[in-house]
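Here is how the chains run, residue by residue.
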Amino acid sequence: MDKGYCLMCGNLRDVYGGVCRQCQEDARVTRNAARLEQDARARAKERKGSR
């Protein structure tokens, strides 16, 4: 935990690997949403193919 500027938002905060906790949380949520969307698309494709 270091004091520094976040690489993502540019705010002076406690950063971990150059990214503040808020941006890390946002990134995690975004990644999860993207993965769920990909899974849903893959399942839809499989259903179409099996018919």
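The following refers to the structure shown. Note that the structure is a prediction, hence the values are computed from the model and not measured.

Reading the values: rules and limits
Residues numbered from 1 in each chain as written. Predicted model: local features only at pLDDT ≥ 70, side-chain atom pairs only at ≥ 80, totals over all residues. Heavy atoms only, no water. Helix = DSSP H or I, 4+ residues; strand = E, 2+ residues; numbered from the N terminus. Rg over C-alpha atoms; globule rule 2.2 N^0.38 Å. Areas by Shrake-Rupley, 256 points an atom, 1.4 Å probe, with all protein chains shown as cover. Lys, Arg positive; Asp, Glu negative; His and termini not counted. Charge placed at Lys NZ, Arg CZ, Asp CG, Glu CD. Salt bridge = Lys/Arg side-chain N within 4 Å of Asp/Glu carboxyl O. Buried < 20%, exposed > 50% of the residue type's maximum accessible area, 1.4 Å probe, protein only.

A short note on the overall build of the chain
Working step 1: Along the chain, the regular secondary structure elements total 1 helix and 3 strands.
Working step 2: Counting from the amino terminus, the chain carries its helices and strands in the arrangement β-β-β-α.
Working step 3: At 18 Å, the chain has a C-alpha radius of gyration far larger than the 10 Å of a compact globule built from 51 residues.
Working step 4: The C-alpha extent of the chain, read off along each of the three principal axes, is 55 × 15 × 10 Å.
Working step 5: With the model as given, the accessible surface of the chain reaches about 4500 Å², and the carbon-plus-sulfur share is 51%.
Working step 6: Once the 12 positive and 7 negative side-chain charges of the chain are each reduced to a mean point, those two points are 8 Å apart.

Quick notes on the pattern of salt bridges
Side chains that differ in sign of charge can pair as their charged atoms come close.
Working step 1: On inspection of all chains with the given rule, the structure shows 3 salt bridges.
Working step 2: Glutamate 25 is paired through a salt bridge with arginine 28; the nearest N and O atoms lie 2.8 Å apart. In this pair, glutamate 25 and arginine 28 are both assigned in helix H1 (residues 21-50), 3 residues apart and thus about one turn of the helix distant.
Working step 3: Judged by its relative accessible area of 37%, glutamate 25 falls in the partly exposed class.
Working step 4: Using a relative accessible area of 40% as the deciding quantity, one classes arginine 28 as partly exposed.
Working step 5: The salt bridge involving arginine 41 is made with glutamate 37; its shortest N-O contact spans 2.8 Å. You can see arginine 41 and its partner glutamate 37 sitting in helix H1, 4 residues apart, about one turn around the helix.
Working step 6: For glutamate 37, a relative accessible area of 44% translates into the label partly exposed.

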